[in-house]
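Tertiary structure, described
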Amino acid sequence: MCGIAGLAGRRPVNEDTVHMMTDLLVHRGPDDYGYWSSSNGNICLGHRRLSIIDRSSAGHQPMVKNSTVITYNGELYNYLELRARLLAEGARFISDSDTEVVLEAYKKWGEKCLDEFNGMFAFVLYDEDRDLLFCARDRFGEKPLLYSLQTEAFAFASEYKSLLNLEGVGQKIDPVKLFTFLDNPSVGLDDAGETVFPAIQQLLPAHSLTLNLRDFSVTT
């Protein structure tokens, strides 16, 4: 299953906060955990791992390669086919994980790598060369990806509980949205990406989000 969490800010973020966010996801990934921070301290990514594909330490996350870093939850069903294609075009792999395939696919095709993926996934990738965060969710939204965008910070996680205690987020509930969900849970709140918590949104199924860390602009 795995759990992902992280913070990005205009100024250095608190790594201990990301540790807390990640610890709250231990039930999603009891096998391993890890953290990565940028050299300027403005980004910290966390991961809780459920080891399925390549259970060795080579599959440890967040995974760093080619000036990119990823924290990834999911499974690419066609990762072996993509791996073979990428190998034929000069890619080199150090693990047997589908996570590394995602990184190499992004290096090769950029954001259009999503067109090549067949699977269930939610991931956040930091591209150091372009100084951006690239976030994506699978077509049916099987894997969750929640986020909160504030003036000075961007936070994301697999579950609400990792975000609710953050500054600027809080646990206030919108009663109208709660009633809407309870009245028709089969529809939920997917159509607008809104949630019952006003400061938290979900990345919609089949969507991606890019956060430009140079000006903190967001494109979905």
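Just so it is clear, the structure is predicted and the values come from calculations on it, not from any experiment.

**Notes on the nonpolar core**
Counting residues in hydrophobic clusters, the biggest one holds 24 residues, and the most contacted among them are Ile70, Leu76, Leu114, Phe117, Phe121 and Phe123. Listed by contribution, the elements that provide at least two residues to this core are strand S5 (68–76), helix H2 (79–88), helix H3 (98–109), strand S6 (119–127) and strand S7 (132–137). Counting residues per element, this core draws most heavily on H3, which supplies five residues. Not counting the four nearest positions on each side in its chain, Phe123 is found in contact with Ile4, Ile70, Thr71, Tyr72, Val102, Leu114, Phe117, Phe134, Cys135, Ala136 and Leu145. Core analysis: the next-biggest nonpolar cluster, separate from the first, contains 20 residues, Ile4, Ala122, Leu213 and Phe216 among them.

**Concerning the packing of H2 against H3**
Viewed as axis vectors pointing N to C, H2 and H3 meet at an angle of 45°, and their least axial separation amounts to 10 Å. Put simply, H2 runs oblique to H3. Seen from above, H2 lies across H3 with left-handed handedness. When H2 is examined against H3, the residues Tyr79, Leu82, Arg83, Arg85 and Leu86 are found in contact with a partner set consisting of Asp98, Val101, Glu104, Ala105, Lys108 and Trp109. In terms of residue class, the contact of H2 with H3 is built from six nonpolar, no polar and five charged.

**Some remarks on the pairing of strand S8 (residues 146–149)**
As judged from the four bridges shared by S8 and strand S9 (residues 153–157), these two strands associate in the antiparallel manner. What sits directly across from Leu149, in S9, is Phe154. Counting the residues in the hairpin turn of S8 and S9 gives three residues. Sheet topology places S8 next to strand S10 (residues 201–202); two bridges connect them, and they run antiparallel. Following the sheet pairing, Leu146 is matched in S10 by Gln202.

**Thoughts on the pattern of salt bridges**
For the structure on display, the rule yields twelve salt bridges. In this structure, Glu152 engages Arg11 in a salt bridge whose closest nitrogen and oxygen atoms are separated by 3.4 Å. Taken as a pair, Glu152 in the loop between S8 and S9 and Arg11 in the loop between strand S1 (3–9) and helix H1 (15–23) lie far apart in primary sequence, 141 residues in all. Residue classification places Glu152 among the partly exposed residues on the basis of a relative accessible area of 33%. Residue classification places Arg11 among the exposed positions, given a relative accessible area of 55%.

**So, the packing of aromatic side chains**
In total, this model carries ten aromatic pairs according to the counting rule given. Taking 6.4 Å as the distance between ring centres and 45° as the angle between the ring planes, the aromatic pair formed by Tyr72 and Phe123 counts as tilted. With a gap of 51 residues between them, Tyr72 in strand S5 and Phe123 in strand S6 connect regions that are remote in the sequence. The burial state of Tyr72 is the same as that of Phe123; both residues are buried. The structure contains a cluster of three or more aromatic residues connected by ring pairs, namely Tyr72, Tyr106, Phe117, Phe121, Phe123 and Phe134. A cation over a ring is seen here: Lys65 above Phe93, with NZ or CZ 5.1 Å from the ring centre. Taking the ring centre of Phe93 as reference, the NZ or CZ of Arg83 above it sits at 4.6 Å.

Criteria and cut-off values
- Residues numbered from 1 in each chain as written.
- Predicted model: local features only at pLDDT ≥ 70, side-chain atom pairs only at ≥ 80, totals over all residues.
- Heavy atoms only, no water.
- Core = buried A, V, L, I, M, F, W, Y, C linked by side-chain atoms within 4.5 Å.
- Buried < 20%, exposed > 50% of the residue type's maximum accessible area, 1.4 Å probe, protein only.
- Helix = DSSP H or I, 4+ residues; strand = E, 2+ residues; numbered from the N terminus.
- Contact = heavy atoms within 4.5 Å.
- Axes fitted to C-alpha atoms, helices over the stretch in contact; angles between N-to-C directions.
- Parallel < 35°, antiparallel > 145°, perpendicular 65-115°, else oblique.
- Left-handed = near helix turned anticlockwise from the far one by under 90°.
- Nonpolar A, V, L, I, M, F, W, Y, C, P; charged D, E, K, R; others polar.
- Pairing = 2+ DSSP bridges.
- Salt bridge = Lys/Arg side-chain N within 4 Å of Asp/Glu carboxyl O.
- Phe/Tyr/Trp six-rings, centres within 6.5 Å; stacked < 30°, edge-to-face > 60°.
- Lys NZ or Arg CZ within 6 Å of the ring centre and 35° of its normal.

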